Amino acid sequence: ILGYCLHIGKGEPSSCVIHAYRHAICPKPKDSYNQNCVNEWPMYGVFEAIACDGGAGYSSLQTISFLNTAGINATVVESYSGWKKPFIERFNNTVRTNFAQIIPSYCGHNKIAPQDKTIEQQASMTPEQFRALLELWIVDEYHQAPHSGIGNISPHQMWLRSFSDPTRGPLLPANYDLIRLPQGEQRFATISGTDCHQGVVINNVRYNDRDRK
């Protein structure tokens, strides 16, 4: 697992997808993930290509522009063709059958949650607690377990073996200084006010530049 992004809600906004790509590309210092991890997270670097679905977050102008800036090509896999991305589908199943089982109040995949309680009442973890648990599982369990798809060695061992020659380490994009910077979503909004003095409203929050004449 080169990187991830935690998003709560339906769909994947482009900002979330870009964050996940950036996390995958950039090196991960020890203090950037769960401090309780015994092992390190050495996986990073620009990848040759990406296989993704056709969701709006993956195909947006912002996401494609980010990939072009990083020099990465994206291949869109048509819907309902899981066999064309087997490692992803297998990982999703592992998350459900392994990691999710240690989450308090997990109700299972495709199961209807009880209707007598709200989401807030059913929740048993904060996002930060979930993030810490996920990182601990990725780094100290998933990366350390043998995987039949890579010769029954662990992903961590495969990574170290692939880059045993220090002169052939993972590569960073030529414009890494730009890639590593956070990038938000692009929004188009109407400036309100007779003289455009009221600014714009995004998610019920008003923004304005007092110094702009």
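Before reading further, recall that the structure is shown in the block above.
Fair warning: this is a prediction, and the values are worked out from it, not measured in the lab. (Residues numbered from 1 in each chain as written. Predicted model: local features only at pLDDT ≥ 70, side-chain atom pairs only at ≥ 80, totals over all residues. Heavy atoms only, no water.)

**Q** Explain the overall build of the protein chain here, please?
**A** Regarding its fold elements, the protein chain presents eight helices and four strands. When the helices and strands of the protein chain are placed in sequence order, the string is α-β-α-α-β-α-α-α-α-α-β-β. In the protein chain, buried positions account for 26% of the 213 residues. Long-range pairs, those at least 24 residues apart, make up 58% of the contacts in the protein chain with a sequence separation of at least 6. Of the roughly 14,500 Å² that the protein chain leaves accessible, carbon and sulfur atoms contribute 53%. (Helix = DSSP H or I, 4+ residues; strand = E, 2+ residues; numbered from the N terminus. Buried < 20%, exposed > 50% of the residue type's maximum accessible area, 1.4 Å probe, protein only. Contact = heavy atoms within 4.5 Å. Areas by Shrake-Rupley, 256 points an atom, 1.4 Å probe, with all protein chains shown as cover.)

**Q** Help me out: how do you make sense of unusual backbone geometry in this one?
**A** Most of the time, phi is negative for any residue but glycine, and the peptide bond is trans. Of note, Asn-152 is a non-glycine position whose phi angle comes to about 60°, a positive value. Classification of Asn-152 as exposed rests on a relative accessible area of 55%.

**Q** I'm lost on the packing of helix H1 (residues 14-25) against helix H3 (residues 61-70) in this one. Help?
**A** A pair of packed helices is captured by two measures, namely the crossing angle of their axes and the spacing between those axes. Remark: H1 packs on H3, axes separated minimally by 9 Å, with the N-to-C direction vectors making an angle of 20°. Considered as vectors, H1 and H3 are oriented roughly parallel to each other. The two elements H1 and H3 cross, and the hand of that crossing is right-handed. Mapping the contact onto sequence places Ser-14, Val-17, Ile-18, Tyr-21, Arg-22 and Ile-25 in H1 and Gln-62, Thr-63, Phe-66, Leu-67 and Ala-70 in H3. Partitioned by chemical class, the residues of the contact of H1 with H3 number seven nonpolar, three polar and one charged. (Axes fitted to C-alpha atoms, helices over the stretch in contact; angles between N-to-C directions. Parallel < 35°, antiparallel > 145°, perpendicular 65-115°, else oblique. Left-handed = near helix turned anticlockwise from the far one by under 90°. Nonpolar A, V, L, I, M, F, W, Y, C, P; charged D, E, K, R; others polar.)

Everything listed is a geometric property; what it means functionally is a separate question.
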